[in-house]
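Chain and residue survey
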Amino acid sequence: MASAKPKKKNPRLASGRKRVRQDIKINAANTSLRSKYRTAVKNVEKAVIAGDKTKATELFAKMQAVVDTIADKGIFHKNKAARDKSRLSTKVKSLALAA
């Protein structure tokens, strides 16, 4: 499978070249933040599966801050952020009730 993406041509106009430079920087920043979001959510889920109530509540508080900032920046939709927080909140609370 030697199918590679076709090489894009460089823009001729200076504004186009600047746009490409900016897009590369913005894409890298967004990728990093998206990864941070997913890691925060995964850490809470792992703590819930392990049954560690204190660690889960601690990580959930940190996760909420990360999710809110990323939703405010528009990297993920605010409704997705709210949905993820709601689902994890339910899991953390059920863990507290089970103990």
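It should be noted that the structure appears before, not after, this text.
Each value, and the rule that gives it
Residues numbered from 1 in each chain as written. Predicted model: local features only at pLDDT ≥ 70, side-chain atom pairs only at ≥ 80, totals over all residues. Heavy atoms only, no water. Helix = DSSP H or I, 4+ residues; strand = E, 2+ residues; numbered from the N terminus. Expected span 1.5 Å × (residues − 1). Buried < 20%, exposed > 50% of the residue type's maximum accessible area, 1.4 Å probe, protein only. Arc of directions from axis to C-beta. Phe/Tyr/Trp six-rings, centres within 6.5 Å; stacked < 30°, edge-to-face > 60°. Lys NZ or Arg CZ within 6 Å of the ring centre and 35° of its normal. Axes fitted to C-alpha atoms, helices over the stretch in contact; angles between N-to-C directions. Parallel < 35°, antiparallel > 145°, perpendicular 65-115°, else oblique. Contact = heavy atoms within 4.5 Å. Nonpolar A, V, L, I, M, F, W, Y, C, P; charged D, E, K, R; others polar.

Considerations on helix H2 (residues 53-72)
- A rise of 1.5 Å per residue sets the reference length of H2, with its 20 residues, at 28 Å; its end C-alpha atoms lie 28 Å apart and thus fit the reference within 8%.
- Those residues of H2 that sit buried are Ala-56, Leu-59, Phe-60, Met-63, Val-66, Val-67, Ile-70 and Ala-71. When H2 is viewed along its axis, its buried side chains cluster within an angular range of 135° and face the same direction. Of the exposed residues in H2, the ones pointing more than 90 degrees away from its buried face are Thr-54 and Asp-72.

Here we look at the packing of aromatic side chains
- On inspection of all chains with the given rule, the structure shows 1 aromatic pair.
- Their ring planes at 50° and their centres at 4.4 Å tell us that Tyr-37 and Phe-76 sit as a pair that is tilted. Note that Tyr-37 is positioned in helix H1 (residues 14-50) and Phe-76 in the loop between H2 and helix H3 (78-98), a separation of 39 residues in sequence. As far as the burial class goes, Tyr-37 and Phe-76 line up, both buried.
- In this structure, Lys-80 packs its charged tip against the face of Phe-76, placed 5.0 Å from the ring centre.

Quick look at the packing of H2 against H3
- Where H2 meets H3, the axes come as close as 10 Å, and the angle between the chain directions of the two elements is 170°. Between H2 and H3, the interaxial angle falls into the category roughly antiparallel. Within the contact between the two elements, H2 uses Lys-53, Ala-56, Thr-57, Phe-60, Met-63, Gln-64, Val-67, Asp-68 and Ala-71 and H3 uses Lys-78, Ala-81, Lys-85, Leu-88, Ser-89, Val-92, Leu-95 and Ala-96.
- Residues that form the contact of H2 with H3 fall into these classes: 10 nonpolar, 3 polar and 4 charged.

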